[in-house]
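Structural overview
Here is what each chain is made of, one letter per residue.
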Amino acid sequence: MIYLDNSATTKPHPEVVKSFHHVSERFFPNPSSIHQLGGEAEQLLIAAKGQAAELLDVQQSEVIFTSGGTEGNNLAIKGIALQYRQRGKHIIISEVEHPSVYEACQSLEELGFEITYLPVNQDGKVSINDVEASIREDTILISIMHVNNETGTIQPIEAIGSIARRYPKLFFHVDAVQGFGKVPLQIQNWGIDLCTISGHKLHGMKGTGLLYVRDGIKLFPLFHGGQQENGKRAGTENLPGIISLVKAMRLIKEREMSDSDKLQALGQALRCGLDKLHTVRINTPQNGAAPHIMNFSVPGFKPEVIIHALGEKDIFISTKSACSSKRMNGSRILEAAGLSEVLSRSALRVSMSYDTTIDEVNAFLRAIETAIYQLKDVMR
Amino acid sequence: METIYLDHAATTPIDPAVIEAMLPLMSDVFGNPSSVHSYGRKARQSLDEARRTIAQRIHAHEKEVTFTSGGTEADNLALIGTALANKDRGKHIITTVQEHHATLHTAEYLEREGFEVTYLPVDENGVIKVEDVREALTAETILVSVMYVNNETGTIQPIQEIGDLLKEHQAYFHTDAVQAFGLLEIDVKKMGIDLLTATAHKINGPKGIGLLYAGKHVKLQPLAYGGEQERKRRPGTENVANVVGFQKAVELRTNKEAEYRNLYQAYKELFIQTLQEEGIAFEVNGKLENTIPSIINISFPHMNVESLLVNFDLNGVAASSGSACTAGSIEPSHVLVAMYGANNERTKNAVRFSFGSANTKENVKEAAERVAGIVKRMMKNR
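Here the residue numbers are simple positions, counted from 1 along each chain's written sequence. Written order decides the labels, with chains lettered from A and ligands numbered from 1. A pLDDT threshold of at least 70 governs which residues receive local features in this predicted model, and a stricter bar of 80 or more applies before side-chain atom pairs are shown or counted, although totals over entire chains, interfaces and linings include all residues. Values reported for side chains reflect all heavy atoms of the structure, with hydrogen atoms and water molecules removed beforehand.

Turning our eyes to something else, we now look at the overall build of chain A. Counting its regular elements, chain A contains 11 helices and 12 strands. Its C-alpha atoms give chain A a radius of gyration of 21 Å, near enough to 21 Å, the size a compact globule of 380 residues would have. Judged by the C-alpha coordinates and their principal axes, chain A covers about 70 × 50 × 35 Å. Within chain A, the proportion of its 380 residues that are buried is 64%. Secondary structure elements are defined from DSSP: runs of H or I of at least 4 residues count as helices, runs of E of at least 2 residues count as strands, and each element is numbered from the N terminus. C-alpha atoms define the radius of gyration, and 2.2 Å times the number of residues to the power 0.38 defines the globule rule. For every residue, the accessible area (1.4 Å probe, protein chains only) is compared with the maximum for its type, and the residue is labelled buried under 20%, exposed over 50%, or partly exposed between those bounds.

What follows is the structure in structure tokens.
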């Protein structure tokens, strides 16, 4: 089995599963309970928060555990919008944000917020000048993703952060779900106010994630109820999930230190191999993209057919993001980058992990070449 | 000294069989259910099967079950989701003064958003009157939210009767069944329930997973936006392992509700009997016959809840003052205040003991003996 759909979800690391298992058995009580058993669970929760903060180089009080990336993005966007709506009702995002940012903002439009959707260039990148030019007196939030989930394009977060810093009335949110552990990001130094991370994209478990919220920022809660997570996120803490998330974060950070070059080399090998196939057009830019994602189109071929043909050989890739895979039309992301409908409708995505090997990449390249050759007569 | 856990209403130990059921979803079947390849499809199958199994337990259709991150999220989705989606039909909501904070604080938020909320009182037994619901209903009422079993006193509310009453009214009927699910039989169709909240970690399942049942006819606006998961009612990659763990926890209790009730009832009676034999003064809050077997709320006259809990804890009895979600600060319980009034001594000397899988007859008796011993000592030192 060759699994090349790591942007959809990753296989939990055995150590992560072990953490989950151990905490489930050993620390079941509710951290909010005041008895000693609850106290032990609470101590563990605090320690986990401290470790997560250390890995992100932020303060412990700035970490909010969530049920995943979608909740994190919604909490950040709706939380800021509803809390600070007296200040202004203008929000800036890009055309290529994940649906959990894009549609959260669309829902705010119904509440009278105005959203600026920044265009991207052919590499899928927003322009810093556009960001600056669209800031208004009533802008309260800029939300730009770190690494695009379909193309791997890296956005100029550091530069946007330094612009955002000059406007003290607005907040800067970064959806770092696809980039964490693969592409460097400095929350503190780059002026990021809120940052979303999801566990299952980094070999953690589904249903885990965190939102970084800079100290002093208030968030209107998505869920009302108990006072958990500094009053920012009600509900009994999923302690086994939380501990397993922190474990996954630590492990991927270690891989980032040790295996970045390897992943980079795999990305290059993949690009070279795809480049040689004349029917293939690569959509992920050569420069300024994450090493693990490669988006390409095979014009004239239905992507589902290629996916199926590869699946027969136990190789798993995807079309676009899993969250929008039910949409039969083209990719919003690729269309925003100016791709024709033909290219956008025939796009495929390979997404690797640190465990991907060069043999797997080569096997994939052979398989897709064969598939294209064999399907050619059927499809055309 | 071994600590005896009497706080199952706060959370329960996860059953080893539940963990076992979850592990394959973290190794072999780890795919994203939305992925079109076979890894995704296998995960989707697990998800669908779990949804069917759990839906059957409450006599719902599988399409009517939305998985959430837990009870709090489900309560929020039920209230905010129906209020915002149905405000063209009216802006009046009825709930009770003794709901869980996930419901109460959400209702308060909706008040700030321009909805009108009626908070029904409870009698001294902690039960709401169906008659009060009838009187509070107006042509503008769009939602009635009444918890099935109160989490502090264990009092069972007249859900069937409210459901019957509302069959003739436009208002949806939501019940927070977090403490009832898995112990009391629930038939949403027969009981006229339109929305129902349940959570896995109260029935020996994993934390971080719950559900909202919402009948096909219910108009619901999501809390969060993004992917198309859960029929767009709850976007985000489905937590398949937790859902399967939830399924296992439900299966372990399937057709065993009566068995569990009898067992926990025996624990409860043994606990009371032991306290009586020890000759200490205590009063049961709520009408014993009308409480769920797993929960008992007891006041100890002349005592103070904080020192009681501290001493119980030091002597290896883990109990609580009320809901864990509010336990951080021991304010007088809003539930007991609703029953007895703010100045009643019972609101300041009540402890909740809740029974479950960590108990045996022996440790329940032992816990009661420890409790009695502590109370006697504290009485003497008063």
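Read on, since the account is not over.
Attention now goes to the layout of surface pockets. Buriedness for pockets is judged along seven lines, at least five of which must meet protein on both sides within 12 Å for an open set on the 1 Å grid over protein atoms alone, while cavities are sets there where a 1.4 Å probe fits but cannot get out, and lining residues have an atom within 4 Å of a point. Grid points are joined across faces, edges and corners, and a volume is the space filled by probe spheres set on the points. Considering only enclosed or pocket space, the second largest pocket measures out at about 440 Å³ in volume. Lining the second largest pocket are 22 residues; nearest its centre among them are A:K78, A:L111, B:L84, B:Y109 and B:Q221. Elements that contribute at least two residues to the lining of the second largest pocket include exactly helix 3 (69–83) of chain A together with helix 4 (71–85) of chain B. Per-element tally for the lining of the second largest pocket: the top contributor is helix 3 of chain A, with three residues. Of the residues belonging to the lining of the second largest pocket, the class tally is 12 nonpolar, four polar and six charged. Gly is placed with the polar residues, together with every amino acid not listed as nonpolar (Ala, Val, Leu, Ile, Met, Phe, Trp, Tyr, Cys and Pro) or charged (Asp, Glu, Lys and Arg).

Strand pairing in a sheet relies on backbone hydrogen bonds, with the paired strands running either antiparallel or parallel. Residues and elements named next belong to chain B. Judged by pairing direction, the sheet is antiparallel, and its three strands sit side by side in the order 9-10-12 without closing on themselves. Lying at the two open borders of the sheet, with one neighbouring strand each, are strand 9 (283–284) and strand 12 (350–354). A contact between two residues is defined here by any heavy atoms of the two lying within 4.5 Å. As a rule, the C-alpha atoms of each element are fitted with a line to give its axis, helices using only the stretch in contact, and angles between N-to-C directions run from 0 to 180 degrees. Packing of helix 9 (residues 257–278) onto the sheet brings it into contact with strand 10 (295–299) and strand 12, and relative to strand 10 it is tilted by some 20°. DSSP bridges decide pairing: two strands pair if at least two such bridges lie between them.

Here we take up the domain arrangement of chain A. Residues and elements named next belong to chain A. Domain extents, as shown, originate in an automatic or database domain assignment. Considered domain by domain, chain A is made up of domain 1 (2–7 + 259–379) and domain 2 (14–251). The centre of domain 1, based on its C-alpha atoms, is set 28 Å off from the matching centre of domain 2. If you look at the interface, domain 1 gives 27 residues, while domain 2 gives 25 residues. Buried area is a sum: the accessible area each of two parts loses on coming together, probed at 1.4 Å, counted once for each and added. Taken over both partners, the interface formed by domain 1 and domain 2 buries close to 2,100 Å², and the fraction arising from carbon and sulfur atoms is 53%. We count a salt bridge whenever a side-chain nitrogen from Lys or Arg sits within 4 Å of a carboxyl oxygen from Asp or Glu. Joining domain 1 to domain 2, the criterion identifies zero salt bridges. Whenever a nitrogen or oxygen atom comes within 3.5 Å of another N or O atom, the pair is scored as a polar contact, on the condition that within protein one atom can donate a hydrogen and the other can accept it, and that pairs from neighbouring residues in sequence are kept only if both atoms are in side chains. On the surface where domain 1 and domain 2 come into contact, there are 12 residue pairs in polar contact (both at pLDDT 80 or more). Those elements that place two or more of their residues in the side of domain 1 that touches domain 2 are strand 10 (293–297) and helix 9 (332–336). Take the side of domain 1 that touches domain 2: its biggest share by element is four residues, from helix 9. When its residues are assigned to classes, the side of domain 1 that touches domain 2 shows 13 nonpolar, 10 polar and four charged.

What follows concerns the pattern of salt bridges. Residue and element names in this part refer to chain A. Scanning the entire structure with this criterion turns up 31 salt bridges over all chains. Across the pair R255 and D259 runs a salt bridge whose closest N-O atoms are separated by 2.8 Å. A residue pair is termed a helical-turn pair when its members lie 3 or 4 positions apart in one helix, as R255 and D259 do in helix 7 (residues 239–275) at four residues. Assessed through its relative accessible area of 25%, R255 is described here as partly exposed. Of the charged contacts in the structure, one is a salt bridge between R255 and D355, with a shortest N-O distance of 2.9 Å.

We now examine the packing of helix 9 of chain B against helix 13 (residues 361–380) of chain B. Residue and element names in this part refer to chain B. Running from N to C, helix 9 and helix 13 point in directions that differ by 35°, and their axes come no closer than 9 Å. Here the hand of the crossing between helix 9 and helix 13 comes out right-handed. In contact with A266, Y267, L270, F271, T274, L275, E277 and E278 of helix 9, helix 13 contributes K361, V364, K365, A367, A368, E369, V371, A372 and K376. Residues belonging to the contact of helix 9 with helix 13 are distributed by class as follows: 10 nonpolar, one polar and six charged. Definitions for this section: a left-handed crossing has its near helix turned counterclockwise from the far helix by less than a right angle. A right-handed crossing has that turn clockwise.

Right, let's get into helix 7 of chain A. Every helix has an expected span of 1.5 Å times one less than the residues it contains. Relative to the 54 Å expected for 37 residues at 1.5 Å per residue, helix 7 of chain A spans just 46 Å between its end C-alpha atoms, considerably shorter than the ideal helical length. To get the bend at a residue, fit one axis to the 7 residues ending there and another to the 7 starting there, then take the angle between the axes. Approximately 70° is the largest bend angle found in helix 7 of chain A, and it occurs at A:D259.

For the rest of this paragraph, the subject is the domain arrangement of chain B. Residue and element names in this part refer to chain B. On domain assignment, one finds that chain B holds domain 1 (4–12 + 256–380) and domain 2 (16–253). One C-alpha centre belongs to domain 1, the other to domain 2; they are set 27 Å apart. Listed as interface residues are 33 residues of domain 1 and, on the opposing side, 35 residues of domain 2. Where domain 1 abuts domain 2, roughly 2,900 Å² becomes buried across the two surfaces, and 51% of that area is made up of carbon and sulfur atoms.

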